[in-house]
Amino acid sequence: MEGVRPAKAVLGLAILPLLLLAVCSCGPRAVAWGVLLWGDLTGPFATASVVAITRDSQISDTYLVAVKGERQTREFTKGRVRKFARRAEAVAAAEALKPWVTTWGFSRKEDPPPLPIREEANANAKTVYRLRFGQLVKVVGRTAERMEVKPY
């Protein structure tokens with residue numbers, strides 16, 4: 001290192017790791033983890049994939065999600081992603097969802113009112129959505145026993 005002062009060489013060697021650390025630490029950070037309940041058929045954003053939730057938008061009611069090893073991020077409505085605090089919980093939920101990846105349903109109720117979707121299988125439970133005739137839904141699980149909620 002002829003012509004270079006030792007102080008400058010030491011300073012340069014000290015700054016190099018800091019610069020590398022700053023560049024490598026760039027990128028989205030997970031604020032939570034999720035499982036795609038209704039994603040693509042194949043690819044990194046397929047149904048039952050574990051994703052990192054990098055942004056939770058209250059205004060548009062969406063999550064911005066990222067998949068490990070992929071540069072792109074993608075926005076999904078909150079109803080299509082189940083959110084978890086820990087990655088291990090998301091992995092367990094993804095495994096439980098795998099048998100239902102290709103299972104779909106649709107509403108066959110033609111007469112009014114539309115078919116209510118409730119928080120629980122109970123006629124007194126809160127209605128969270130109303131299915132229109134022929135509307136497609138993604139099945140994400142099933143109870144162990146068959147339940148009939150009248151009058152439907």
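The preceding data block contains the structure.
Heads up: these notes are all about the structure in this document. (Residues numbered from 1 in each chain as written. Predicted model: local features only at pLDDT ≥ 70, side-chain atom pairs only at ≥ 80, totals over all residues. Heavy atoms only, no water.)

## Here we look at the overall build of the chain
Alright, step 1. Check the secondary structure of the chain and you find two helices and nine strands.
Alright, step 2. Reading the secondary structure of the chain in the N-to-C direction produces α-β-β-β-β-β-α-β-β-β-β.
Alright, step 3. For the chain, with 152 residues in total, the buried portion stands at 26%.
Alright, step 4. Counting only contacts in the chain whose residues sit at least 6 apart along the sequence, the fraction spanning at least 24 positions is 51%.
Alright, step 5. Element-wise, carbon and sulfur atoms account for 57% of the exposed surface of the chain, whose accessible area totals about 11,400 Å². (Helix = DSSP H or I, 4+ residues; strand = E, 2+ residues; numbered from the N terminus. Buried < 20%, exposed > 50% of the residue type's maximum accessible area, 1.4 Å probe, protein only. Contact = heavy atoms within 4.5 Å. Areas by Shrake-Rupley, 256 points an atom, 1.4 Å probe, with all protein chains shown as cover.)

## Thoughts on the environment of P112
Alright, step 1. As for its position among the elements, P112 is in the loop between β6 (104-106) and β7 (115-118).
Alright, step 2. Residue P112 is classed as exposed on the basis of its relative accessible area of 71%.

## Comments concerning the environment of V91
Alright, step 1. Here V91 shows up in helix α2 (residues 87-97).
Alright, step 2. When its relative accessible area of 32% is taken as the criterion, V91 is described as partly exposed.
Alright, step 3. Put simply, V91 and S49 are 42 residues apart on the chain and 8.5 Å apart in space, counted from C-alpha to C-alpha.

## Side note on the pattern of salt bridges
Alright, step 1. Taken as a whole and judged by the stated rule, the model has seven salt bridges.
Alright, step 2. Across the pair K78 and D56 runs a salt bridge, and its minimum N-O distance is 2.7 Å. Of this pair, K78 sits in the loop between β4 (73-77) and β5 (81-84) while D56 is found in strand β2 (residues 50-57), placing the two residues 22 residues apart along the sequence.
Alright, step 3. Since its relative accessible area comes to 17%, K78 is described here as buried.
Alright, step 4. In this structure, D56 engages K83 in a salt bridge whose closest nitrogen and oxygen atoms are separated by 3.2 Å. Taken together, the residues span a long stretch of sequence, with D56 in strand β2 and K83 in strand β5 at a distance of 27 residues. (Salt bridge = Lys/Arg side-chain N within 4 Å of Asp/Glu carboxyl O.)

## What to know about the layout of surface pockets
Alright, step 1. Put simply, the largest pocket is a space of about 1,800 Å³.
Alright, step 2. Taken together, 35 residues line the largest pocket, and the ones lying closest to its centre are P116, I117, R118, L131 and V137.
Alright, step 3. Going through the elements one at a time, β5, β6, β7, β8 (127-131) and β9 (136-138) are the ones with two or more residues in the lining of the largest pocket.
Alright, step 4. The element contributing the most residues to the lining of the largest pocket is β7, with four residues. (1 Å grid on protein atoms, 1.4 Å probe; cavity = no way out; pocket = protein on both sides within 12 Å on 5 of 7 lines; lining within 4 Å. Points joined across faces, edges and corners; volume = space filled by probe spheres on them.)

## Considering the side chain of S57
Alright, step 1. Looking at where S57 falls in the secondary structure, it is placed in strand β2.
Alright, step 2. A polar atom in the side chain of S57 sits 2.9 Å from the side chain of S60.
Alright, step 3. If we skip the residues at most four places from it in the chain, S57 touches T62 and K78. (Polar contact = N/O pair within 3.5 Å; in protein donor to acceptor, adjacent residues only side chain to side chain.)

## Section: the nonpolar core
Alright, step 1. One finds A32, L36, F45, V51, I53, Y63, V65, V67, F76 and V81 forming the largest nonpolar core, which totals 10 residues.
Alright, step 2. Counting only elements with at least two residues in this core, the list comes to β1 (32-36), β2 and β3 (62-66).
Alright, step 3. In contact with A32, other than residues within four places in its own chain, are V51, A52, I53, K83 and F84. (Core = buried A, V, L, I, M, F, W, Y, C linked by side-chain atoms within 4.5 Å.)

## Remarks on the sheet that holds β3
Alright, step 1. Spatially, five strands are ordered β4-β3-β2-β1-β5 in an open sheet, and the strand pairing comes out antiparallel. Looking at strand neighbours, the two that pair on one side only are β4 and β5, the edges of this open sheet. Going across the sheet, the axis of each strand differs from the next one's by a mean of 40°, ignoring polarity.
Alright, step 2. Taken together, the four bridges between β1 and β5 define a ladder with antiparallel strand orientation. Note that in β5 the partner of G34 across the bridge is K83. (Pairing = 2+ DSSP bridges. Axes fitted to C-alpha atoms, helices over the stretch in contact; angles between N-to-C directions.)

This is a description of form; function is not addressed.
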